[in-house]
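# Per-entry structural report
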Amino acid sequence: LEKVIIKGELTRIGAAVFDGANNLKEINLPDSINYIGERAFRGTGLTEIILPQNLQKLQYDTFSSCGKLKNIVLNEGLKELSTWSLANTKIEKITLPSTIEVIDVNAFIYCDNLKEIDVGENNNFIFESNILFNKDKTKIIFVSMASLKNTNTFSIPEGVESYATSISNMTNIKKIIIPTSLSYIYPNSLPTSIES
């Protein structure tokens, strides 16, 4: 299966419908769709996606492990990106619509090519120094892996209170600098290569 054309007024795509359809390269998602289930497109060969206008949430694992997915358009109206929803894709840049309020710390896990997050229209997040923060900069949502490839030190900025974003695959990191503001680190979020 390489191409899917959806006609009519489809409103739901169920869980795991196209899970593992690695030859699927193209699908249209009409604006009538208001629900896409968990793992619906996991592991497919999709290269780009335009999300429906009526979709408010990307569920767990929706587009994870889509190894060819480079472009995704998040439309106005989308409110939440769940854990692993866009994990392990080839996305390099993404624009957050103004309506997004919740992004799980693992929504972009293993998106090693993601370098730029445009938050110009969104007041709920800040993208600064290759890090995506919540609006008061107390929580890190995403760290650009591309920015860590040529360094052996990772510094968590002062003001951050909790850290759970995984950089566990960045084994070049040998040193981590922890701010005085930090009160919580998720145990599996850091690489085992850290020496100090």
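Residues numbered from 1 in each chain as written. Predicted model: local features only at pLDDT ≥ 70, side-chain atom pairs only at ≥ 80, totals over all residues. Heavy atoms only, no water.

### Considerations on the sheet that holds strand S13 (residues 131–134)
Within a sheet, adjacent strands bond to each other through the backbone by hydrogen bonds, running parallel or antiparallel. Condition: Two strands are said to pair when DSSP picks up at least two bridges between them. Secondary structure elements are defined from DSSP: runs of H or I of at least 4 residues count as helices, runs of E of at least 2 residues count as strands, and each element is numbered from the N terminus. Orientation is described by lines fitted to C-alpha atoms, with helices fitted over the stretch in contact, and by angles between N-to-C directions that extend from 0 to 180 degrees.
In space, the three strands of this open sheet follow the order S12-S13-S14, with antiparallel pairing throughout. Each edge of the open sheet carries a strand with a single partner, namely strand S12 (125–128) and strand S14 (140–143). Taking each pair of neighbouring strands and ignoring which way they run, the sheet shows an average axis angle of 15°. Bridge count between S13 and S14: three bridges; the pairing is antiparallel. Paired with Leu132 across the bridge in S14 is Phe142.

### Considerations on the pattern of salt bridges
Note the threshold: When a carboxyl oxygen of Asp or Glu is within 4 Å of a side-chain nitrogen of Lys or Arg, the pair counts as a salt bridge. Only protein chains enter the accessibility calculation, which uses a 1.4 Å probe; a residue whose area is less than 20% of its type maximum is buried, one above 50% is exposed, and one in between is partly exposed.
Under the counting rule described, the total for this entry stands at seven salt bridges. Of the charged contacts, one joins Lys3 and Glu26 as a salt bridge, the two residues approaching to 3.9 Å between their closest N and O atoms. Taken together, the positions of Lys3 in strand S1 (residues 3–4) and Glu26 in strand S3 (residues 26–27) put the pair 23 residues apart, joining distant regions of the chain. Taking the relative accessible area as the measure of exposure, Lys3 reaches 48% and is therefore partly exposed. In this structure, the salt-bridge partner of Lys93 is Glu116, at a minimum N-O distance of 3.7 Å. Here Lys93, found in strand S9 (residues 93–95), pairs with Glu116, found in strand S11 (residues 116–118); they are 23 residues apart in sequence, far enough to count as distant.

### Notes on the side chain of Thr165
Heads up, the condition is: Distance and chemistry together define a polar contact, namely a pair of N or O atoms within 3.5 Å, with one atom able to donate a hydrogen and the other to accept it when in protein, and with adjacent residues in sequence counting only for side-chain atoms on both sides. Contacts are assigned to residue pairs with any non-hydrogen atoms lying within 4.5 Å of each other.
Relative to the helices and strands, Thr165 is located in the loop between strand S16 (162–163) and strand S17 (175–177). Relative accessible area serves as the criterion here: at 2%, Thr165 is assigned to the buried category. Of the polar contacts made by the side chain of Thr165, one reaches the backbone oxygen of Ile140; its length is 2.9 Å. The residues touching Thr165, leaving out its near neighbours within four places in the chain, are Val105, Ile140, Ile141, Phe142, Val143 and Ser189.

### Quick word on empty space enclosed by the protein
For the record, the criterion: Buriedness of a pocket was judged along seven lines, with at least five required to meet protein on both sides within 12 Å; pockets are open sets of points on a 1 Å grid over the protein atoms alone, cavities are sets where a 1.4 Å probe fits but cannot get out, and lining residues have an atom within 4 Å of a point. Grid points are joined across faces, edges and corners, and a volume is the space filled by probe spheres set on the points.
By the definition in use, this model includes one cavity of 30 Å³ or more. Of the voids in this model, the largest cavity is the one considered here, and its volume is about 70 Å³. Residue lining of the largest cavity: Val105, Asn106, Phe108, Ile109, Tyr110, Asp112, Ile141, Phe142, Met145, Thr165, Ser166 and Asn169, and that is the complete set.

### Considering the side chain of Thr138
Mapped onto the fold, Thr138 is located in the loop between S13 and S14. In this structure the side chain of Thr138 is engaged in a polar contact, spanning 2.8 Å, whose partner is the side chain of Asp136. Contact partners of Thr138, with chain neighbours within four places excluded, come to Gly159, Val160, Glu161 and Ser162.

### Structural notes on the pairing of S12
Side-chain positions along a regular strand alternate between the two faces of the sheet. The pairing of S12 with S13 spans four bridges and is antiparallel. Looking across to S13, one finds that Phe125 is bridged to Asn134. The antiparallel hairpin formed by S12 and S13 contains two residues in its connecting segment, where Ser129 sits at a positive phi of about 50°.

### A word on the packing of aromatic side chains
Here is the rule: Here a pair means two rings of Phe, Tyr or Trp (six-membered ring of Trp) with centres within 6.5 Å. Their orientation is stacked below 30 degrees between planes, edge-to-face above 60, and tilted elsewhere. Whether a charge sits over a ring comes down to the Lys NZ or Arg CZ being within 6 Å of the ring centre and within 35 degrees of the ring normal.
Going through the model one piece at a time under the given rule, you end up with five aromatic pairs. With a centroid separation of 5.8 Å and 70° between ring planes, the pair formed by Trp84 and Tyr110 is classed as edge-to-face. Of this pair, Trp84 sits in the loop between strand S8 (80–81) and S9 while Tyr110 sits in the loop between strand S10 (102–103) and S11, placing them 26 residues apart in sequence. For Trp84, a relative accessible area of 28% corresponds to the partly exposed category. Joined through ring pairs, the aromatic side chains of Phe18, Phe41 and Phe63 make up one cluster. Cation over ring: Lys137 sits above Phe133, and NZ or CZ is 5.2 Å from the ring centre.

### Describing the sheet that holds strand S6 (residues 57–58)
With parallel pairing, three strands are arranged side by side in an open sheet as S6-S8-S10. With one partner strand each, in any of the chains shown, S6 and S10 form the two edges of the open sheet. Here S6 runs beside S8; their pairing, made up of two bridges, is parallel. Counterpart to Leu58 in the pairing with S8 is Leu81.

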